[in-house]
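# Architecture and fold: a report
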Amino acid sequence: MNDDLRPICLIIGALGGEGGGVLADWITEAATAEGYPVQRTSVPGVAQRTGATTYYIEIVPTKRQELNGRDPVLALFPNPGTLDLVVATEILEAGRAMERGFVTPDRTTLIASTHRIFAIAEKSVPADGRYDSDRIVEAAKELARQPIVFDIAALTRRHGVSLNAALLGMIAASGVLPFEDDVYRDAVRRAGKAVEANLKGFDIGLNAVREPPSEAPALEKRHTSTTSSLIPQAMKQLPAPLHAIAAEALPRLTRFQNDSYARRWLARTTDLVAAEKTADIGAGTVTGEAAKQLAVWMSFEDIIRVADVKSRGARYDLMRDEIGAQPGQVIRVTEFLKPGIPEWADMLPPTMGARLRAWAARRGKTMNVGLHIRSDTVLGFLMLYLLARLRWWRPRTLRFAEENADIDAWLAALKHAMTNDMHLAREIAELPRLRKGYGETRTRGVGKYTRVMTDVVAPWLAGTPPDSSAATLKALRQQALSDADDSKFDALLAKSAGAPSGSFDKAAAE
Amino acid sequence: MAERSFKKEVEALRLGDGETFHGEGILAVTKALLQSGVSYVGGYQGAPVSHMMDVLEDAQPILDDLGVHYEGNASEAAAAAMLGASINYPMRGAVTWKSTVGTNVASDALSNLASAGVKGGAMIVLGEDYGDGASIIQERTHAFAMKSQMWLLDPRPNLPTIVNMVEKGFELSEASSTPVMLELRIRACHVYGSFPTRDNVSPAISSKNLLEESDFNFDRICLPPSTYIQERLKVDVRMPAAIDYIRDQKLNETFDGDLGDLGIIMQGGMYNSVMRSLNQLGLADAFGNSRIPLYVLNVTYPLIPDEVSAFCADKRAVLVVEEGQPDYIEQALHAVLRRADLNTKLYGKDVLPMAGEYTGEVMLRGIAKFAETVGHATAAFDDVGKTVAQLDRTKNRAREILGQAVPARPPGFCVGCPERPVFTAMKLAKKELGEFHVASDIGCHTFSTLAPFNIGNTVLGYGLSLASSTAVSPNFGKRVVSVMGDGGLWHNGLTSGVAEAVFNKSDGVLIVMDNGYTSATGAQHIPSSRAADREGDQDRVSIEDTLRGFGVTWVRTVRTYSIDKVLDTLKEAFASKEKGLKVIVAAGECMLAVQRRLRPTNRDKIARGERVVQPRFGVDDDVCTGDHSCIRLSGCPSLTIKPNPDPLRDDPVAHVDNGCVGCGVCGEVAHAAVLCPSFYKAEIVHNPTLLDRMLSGVRRAVIGTLQGGGGQPSAPTPAE
């Protein structure tokens, strides 16, 4: 066919409620006002309820009056290989577009925000189920003709404008559509909603593409601002890979208990470092992970710690920040605590605590009492504050005794494993990750940890661990942390506890 | 007012001769109905034609001006029955619903309507919910057209053709005394385009021009021998009349091409996709000039045999593009060719898939396969393979870099949804009571079958959950729970479920979600809708009173957000010695509706300097250990995760984002499930009063002193 006119095709991939529809409206309106034939369609329906929603637009880049009465046929579906512009309000949607072949190096400009709105499958995993979105960015750079990919959401948040307005500015800046900047601005004005804010958002998007802002990478970690008198000693005793960990761990444990408790961490870690040296494996190979886990474990989450975190001075600012309170606004805070017999038994001396637990187990009741504590009031705060002051009592509690006994057993296993299997030792170092949560979640986590340690690790260490031990342990940990349903873990554990020790027996017999 | 207001858009319905309409497909159809002089319109909401109901409701003043009666019907059956007005009287009328589910519900009335035949044009506008984004079982309306002898229009998906087919459809209906169905796929319903308008036509019979005499004709009643006469009429009179009209008015279209030994026959709705793929393969330009001749069926039932054989006569191979299964059209075309003794080879479901939506990619591959299979003496098809190979390379490369499939993003309960906590309670109940059978229903609550709840064993249809439990109940070791929305209850659940259960003394548990609207379809009103949201209308039928009126004695109404209470009530229903149906009315207004009212009000108040307290939830990230059990019990979109700020921990922690509306479920979940102490509720007081500020000042001072004077090392501060 000799007439090679073809429409400009664009997709907007959004999530329900993100304003993708409004963005599509602005573009349609701009095209109509300029006299370009335009067609837009969408698949909202049930997907509007938080699901992925796509809008598809075709614009003929020749004005209607210049078409001499001929009507172009515009499609309702995007054909892979024909897209000029793909807009994704979130990076996963950009990945989806690429999976479908909508992004091609010869044609497609890809505008995508790298921020994450996690899918339910990602966020419901008991540990870390996040999709590796760096891969999507990598794919975008290779597959798009013009990739415009950065954290647009952070930009719009900083300026208090909406994402779709900034995206409109970025579309304008990409130059894919045959409109001057003011055509877009007029479309926003005609739509008549939040005009000033959206025009501001448009300009922010426009400038972000034309003069990309030098972006400082967002700091994900909140490092401690305090130090500890033990740090100089730690720097001397510990190898370099452990210094950063010590700088966090020591103040944390001083805060949790006191200097002598922090010193205990240092002693335990030093001990592990010595074992690592003896085994002649690189410094930090095992202890890098172990020292971290040890610090987290030693600052376990009992009532005292929770009360301490919730009554700290810095929390107030963190909280205001988290909920976006503006200066001058008053905030009222309610805490939801529901301690029961298990939590109180934890706080008693070991024998009494154990008796209370046994009694509750017989009665089949945990007697949890739901508390709503207004921690912004003096009385509510005092409750938390006084609980947090109970640290002096902590070393006398059942929980303290239990945690530290388990820690010692873990350290012993770790040292033992380091002498004959570095890979196994690394896996043992990771095992405390299973112990997380509160209440029933914690009970189940600790239960899984204990079963792995007693049913699998202990028999191995009593003899020579099989070659597959590290892989088996890794599989068990990953299963426990990737699936809240315990049945698969139970099956795997039964298999691991049976098979490897069997092969071990055989190996011993030979 | 429904979820979306069309108050502004409906003004386009007033356009007259020589003006141009710009807007969505479904609004264009409404305009076409008014241009056709309908006396009455109605229907039942459901994507993708929900907006048509919203448009009609918002267009009430315009309809009143013309004397057109609008009825929001109680179900599709009621809507179809309303078309009965056109049996006796020369009134044009149209109704709309989602197909095929709505057509299933309507089919009793439709059979009778089609058998009796119509004097006035009767049209059913169907949103064919098939393919990407569909929320129902995948079937075709085509079967209904064939079995009841109704004509099925499937226009090319551009506004001028759609509008033309509405207008011609009424004429076809009257010329053949048969109701017609206008089928619009999802994307056609939502397509934004333009068409030249005509003046609206005031109906000859209307509320302004009343009928005086009733028309009695036993021939139109469904009793023998009339039914036999009606069947003969269908075959001997109506079908031939329809075929003549379709042929004479050229409702189907033929487009020539230079590759005259080939052809493509397609449903009208497929036309634009076929053209785009031909264009991409170098076989057509952007203006619809195709090298392969085309025969476009804007009417897919009945076929016009002489048109078909004329198109196929000089062709060696013809491709049939027919979306969905079974391949009714392809089979019928085979029969036509056989009868005409033509040897043209038909391709169709052998190069295109039998099932599933014909998306751009599917169409491209199908047409390419056809081209490669039949080949051509010219070089026309030489580059076809290259386009497909290029597509394969791009997709494979993307997959290679991505490494694993991008996670799906299924729909789910909205932020602050009142239905979600009911399923949290149910998940907790299952922990305590063991697994039990749950009969689910149609509505937002069907999302309970998805993660993180995965609750619901069956879905049998709208309002049918209780009915679907009747044979499980007596054969299951525990009481069976049925979940039904208020929409489903009024649609038919009250009779097919509640009345039947009371009559048969069934022993089960029914949870009715009383959120005040048919929320899944866009918050249309139902008899139990909250009066506050309906202008000038103060009556509201109480669900609890209705149930008691039906003879249910065990009824408990609970606020859904009180998870503890819902859980206790559920356990009570399981433990109760009382036999018979036990109904829990789970009350909580649709949060979208609440927010639609609240947001602007609060915004205005804040702007005026008035005191407004806005609650929302937060998580102490130092307390959260990142096990996400809260998420597995909630699934709220605003309850999400963020990178762990603790330098010694890796797993992401729970986080409540700015979408939070402060519904309270996070706190309730933390309590009911004895989860963890990480959650807090923060109430932001906008424009605090002097008292607020003083009280807060004193509190901050006392607390600050305690925090500062504790002799503690100062706590970590935020990095920024």
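Residues numbered from 1 in each chain as written. Chains lettered and ligands numbered in written order. Predicted model: local features only at pLDDT ≥ 70, side-chain atom pairs only at ≥ 80, totals over all residues.

This part takes up the overall build of chain B. In terms of helices and strands, chain B carries 24 helices and 24 strands. Radius of gyration (C-alpha) of chain B: 30 Å, near the 27 Å computed for a compact globule of 720 residues. The dimensions of chain B, computed from C-alpha atoms along their principal axes, are 100 × 70 × 60 Å. Burial analysis of chain B (720 residues in total) assigns 53% to the buried set. Sequence-distant contacts in chain B: of pairs separated by 6 or more residues, those separated by 24 or more amount to 77%. (Helix = DSSP H or I, 4+ residues; strand = E, 2+ residues; numbered from the N terminus. Rg over C-alpha atoms; globule rule 2.2 N^0.38 Å. Buried ≥ 20, exposed ≤ 12 C-beta atoms within 10 Å, placed from the backbone. Contact = placed C-beta atoms within 7 Å.)

Here we come to unusual backbone geometry. All names here are of chain B. With an omega of 0°, the peptide bond between Tyr-301 and Pro-302 qualifies as cis. With a phi close to 60°, Gln-149 is a non-glycine residue in the positive phi region. The topology assignment puts Gln-149 in the loop between α7 (142-148) and β6 (151-153). With phi around 60°, Ala-523 is a residue other than glycine that occupies positive phi space. Ala-523 sits in the buried class, given 23 other C-beta atoms within 10 Å.

It is worth spelling out the sheet that holds strand β20 (residues 582-587) of chain B at this point. Pairing within the open sheet is parallel, and its 6 strands lie in the order β16-β15-β17-β18-β20-β19 (chain B). With one partner strand each, in any of the chains shown, β16 (458-459) and β19 (554-559) of chain B form the two edges of the open sheet. (Pairing = 2+ DSSP bridges.)

Glancing now at the interface of chain A and chain B. The partner chain B presents 111 residues to the 117 residues of chain A that form the contact. Taken together, the residues that form the side of chain A that touches chain B break down as 53 nonpolar, 31 polar and 33 charged. Relative to strand β24 (residues 679-686) of chain B, strand β7 (residues 330-337) of chain A is paired through 6 bridges, and the arrangement is antiparallel. Bridged to Ile-331 of chain A within β24 of chain B is Ile-684 of chain B. (Nonpolar A, V, L, I, M, F, W, Y, C, P; charged D, E, K, R; others polar.)

On to the confidence of the model for chain B, then. Detail in the predicted coordinates should be disregarded across regions flagged by low pLDDT. All names here are of chain B. Scored by pLDDT, chain B comes out at a mean of 93, with 97% of its residues at no less than 70. Confidence over residues 710-720 falls short of pLDDT 50; this stretch has 23 contacts with residues more than four positions distant or in other chains. With pTM at 0.92, the complex prediction returns an ipTM value of 0.92. (pLDDT = per-residue confidence, 0-100.)

Attention now goes to helix α2 (residues 91-99) of chain A. For α2 of chain A, the tally of buried residues reaches 8 of 9 residues, placing the bulk of the element in the interior. All of the buried residues in α2 of chain A are Ile-91, Leu-92, Glu-93, Ala-94, Gly-95, Arg-96, Ala-97 and Met-98 of chain A. Among the structural elements, β1 (8-15), β3 (52-59), β4 (85-88), β5 (109-113) and α4 (134-143) of chain A together with α15 (384-402) of chain B are those in contact with the buried residues of α2 of chain A. Within two residues after α2 of chain A, Gly-101 of chain A carries a phi angle of roughly 80°, on the positive side.

What follows concerns the sheet that holds strand β9 (residues 253-255) of chain B. All names here are of chain B. If you trace the 5 strands from one edge of the open sheet to the other, you get β9-β11-β10-β13-β14, paired in mixed fashion. In this open sheet, the two strands that pair with only one neighbour each are β9 and β14 (345-347). For this sheet, the mean inter-axis angle between neighbouring strands, taken without regard to orientation, is 20°. As defined by bridge partners, strand β10 (residues 262-267) adjoins strand β11 (residues 294-297) across 4 bridges and the pair is classed as parallel. Bridging from a neighbouring strand, Ile-265 pairs with Tyr-295 of β11. (Axes fitted to C-alpha atoms, helices over the stretch in contact; angles between N-to-C directions.)

Residues and elements named next belong to chain A. Structurally, Pro-147 is set in strand β6 (residues 146-150). Residues Pro-147 and Val-86 lie 61 residues apart in sequence; the distance between their C-alpha atoms is 9.8 Å. Apart from the residues within four sequence positions on either side, Pro-147 is in contact with Leu-110, Ala-140 and Lys-141.

Residues and elements named next belong to chain A. Within the secondary structure layout, Glu-93 lies in helix α2. Classification of Glu-93 as buried rests on a count of 28 C-beta atoms within 10 Å. Along the primary structure Glu-93 and Ile-12 are separated by 81 residues, whereas in three dimensions their C-alpha atoms are 9.2 Å apart. Other than its neighbours up to four places away in sequence, Glu-93 contacts Gly-13, Ala-52 and Ala-88.

Our next topic: the packing of helix α10 (residues 243-256) of chain A against helix α11 (residues 259-278) of chain A. All names here are of chain A. Across the interface, α10 lies against α11 with an axial gap of 7 Å and an inter-helix angle of 140°. Viewed along their axes, α10 and α11 adopt a mutual orientation that is oblique. The handedness of the crossing between α10 and α11 is right-handed. Side by side, α10 and α11 meet where Ala-249, Leu-250, Leu-253, Thr-254 and Phe-256 of the first sit next to Asp-259, Tyr-261, Ala-262 and Trp-265 of the second. For the contact of α10 with α11, a count of residues per class yields 7 nonpolar, 1 polar and 1 charged. (Parallel < 35°, antiparallel > 145°, perpendicular 65-115°, else oblique. Left-handed = near helix turned anticlockwise from the far one by under 90°.)

The subject of this paragraph is helix α10 (residues 226-248) of chain B. Residues and elements named next belong to chain B. Here α10 is 23 residues long and its end C-alpha atoms lie 31 Å apart, about the 33 Å a rise of 1.5 Å per residue gives. Of all the bends in α10, the greatest measures close to 45° and is centred on Lys-234. Regarding α10, the residues found buried are Gln-230, Lys-234, Arg-238, Ala-242 and Ile-246. Residues of α10 that are buried sit in contact with α6 (101-116), β6, α8 (159-176) and β12 (299-301). Note on α10: the residue one or two positions beyond its end, Lys-250, has a positive phi of about 50°. (Expected span 1.5 Å × (residues − 1). Bend = angle between axes of the 7 residues up to and from the residue.)

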